[in-house]
Amino acid sequence: GAGVSQSPSNKVTEKGKDVELRCDPISGHTALYWYRQSLGQGLEFLIYFQGNSAPDKSGLPSDRFSAERTGGSVSTLTIQRTQQEDSAVYLCASSLPSGAQETQYFGPGTRLLVL
Amino acid sequence: AQSVTQLGSHVSVSEGALVLLRCNYSSSVPPYLFWYVQYPNQGLQLLLKYTSAATLVKGINGFEAEFKKSETSFHLTKPSAHMSDAAEYFCAVSEGGYQKVTFGIGTKLQVIP
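First things first, this report covers the structure right here in the doc. (Residues numbered from 1 in each chain as written. Chains lettered and ligands numbered in written order. Predicted model: local features only at pLDDT ≥ 70, side-chain atom pairs only at ≥ 80, totals over all residues. Heavy atoms only, no water.)

## Side note on the pairing of strand β8 (residues 73-78) of chain B
Residue and element names in this part refer to chain B.
At step 1: Judged by how many residues are buried, β8 sits mostly within the fold: five of six residues are covered.
At step 2: Pairing between strand β7 (residues 64-68) and β8: five bridges, direction antiparallel. Note on β8: the bridge partner recorded for E66 is H75.
At step 3: Once β7 ends, the chain turns through four residues before running back antiparallel as β8, passing T72 with a positive phi of about 45°. (Buried < 20%, exposed > 50% of the residue type's maximum accessible area, 1.4 Å probe, protein only. Helix = DSSP H or I, 4+ residues; strand = E, 2+ residues; numbered from the N terminus. Pairing = 2+ DSSP bridges.)

What follows is the structure, given as structure tokens:
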């Protein structure tokens, strides 16, 4: 079956512009996660959705970052007024909500470069 | 709070040699532990996971990891490295609930011909 897809695969933007990153999870996966992968810093948790609700937004770096999920499926991560330090790979993952042992399935990521 | 430490951001091994990637964790409850692999320009792929069923966990591509509670470790091994194993490997820990997962910084494995 289809895996997690993300678009765009690459995004170059100018400092100060807004960007939207999209994630299509695996069909039937009600849990969805966003991570940021910066060079030399591993994966940083951003936000978690269960259905359309986001019970944990603790990882969002600032109020310039927001995310939403509609229809329990597609999610959009929006970064407003982008800064150069926002440059990173943004990864989305989805899973079935079967507890802590459930495997997360990752998309290929969106590589964001802020000039 | 849970945390993961991966010792060695870069590891080089010769083709055919043993692969050992180290991971130590900290958790206030019995943890779930994962190893993921990331090939260049791709997302993360699960190699194996520990869910308390057995301390020695076998994964894909000949990798395995052993959970050692006394050492709070979950090191990843493979008896004989292949060129195709060159990738970045991430250890991760989860304590439960909705499965907030904490990842290590990753270890890049280089396989030398």
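Here the narrative resumes.
## Overview of the layout of surface pockets
At step 1: If you add up the space inside the largest pocket, you get close to 480 Å³.
At step 2: Around the largest pocket, the lining is made up of 23 residues, and of these Q37 and L39 of chain A together with Q38, E88 and K108 of chain B lie nearest the centre.
At step 3: Considering every element that reaches the lining of the largest pocket, the biggest residue donor is strand β9 (residues 87-94) of chain B, with three residues. (1 Å grid on protein atoms, 1.4 Å probe; cavity = no way out; pocket = protein on both sides within 12 Å on 5 of 7 lines; lining within 4 Å. Points joined across faces, edges and corners; volume = space filled by probe spheres on them.)

## Let's talk about the pattern of salt bridges
Residues and elements named next belong to chain B.
At step 1: In the structure shown here, the tally under the stated rule is six salt bridges over all chains.
At step 2: For the salt bridge of D85 with K78, the shortest nitrogen-to-oxygen distance reads 2.9 Å. The burial state of D85 is the same as that of K78; both residues are buried. (Salt bridge = Lys/Arg side-chain N within 4 Å of Asp/Glu carboxyl O.)

## What to know about the interface of chain B and chain A
At step 1: Opposite the 24 residues of chain B that make contact, chain A presents 22 residues.
At step 2: Carbon and sulfur atoms make up 52% of the surface buried where chain B meets chain A, a total of about 1800 Å² over both sides.
At step 3: There are zero salt bridges connecting chain B and chain A.
At step 4: At the boundary of chain B and chain A, one finds three residue pairs in polar contact (both at pLDDT 80 or more).
At step 5: Of all the secondary structure elements, the ones that give two or more residues to the side of chain B that touches chain A are β4 (32-38), β5 (44-50), β9 and β10 (101-103) of chain B.
At step 6: In terms of residues, the side of chain B that touches chain A owes the most to one element, β4 of chain B, which gives four residues.
At step 7: Of the residues contributing to the side of chain B that touches chain A, the split by class is 10 nonpolar, 10 polar and four charged. (Contact = heavy atoms within 4.5 Å. Buried area = accessible area lost by both parts, 1.4 Å probe. Polar contact = N/O pair within 3.5 Å; in protein donor to acceptor, adjacent residues only side chain to side chain. Nonpolar A, V, L, I, M, F, W, Y, C, P; charged D, E, K, R; others polar.)

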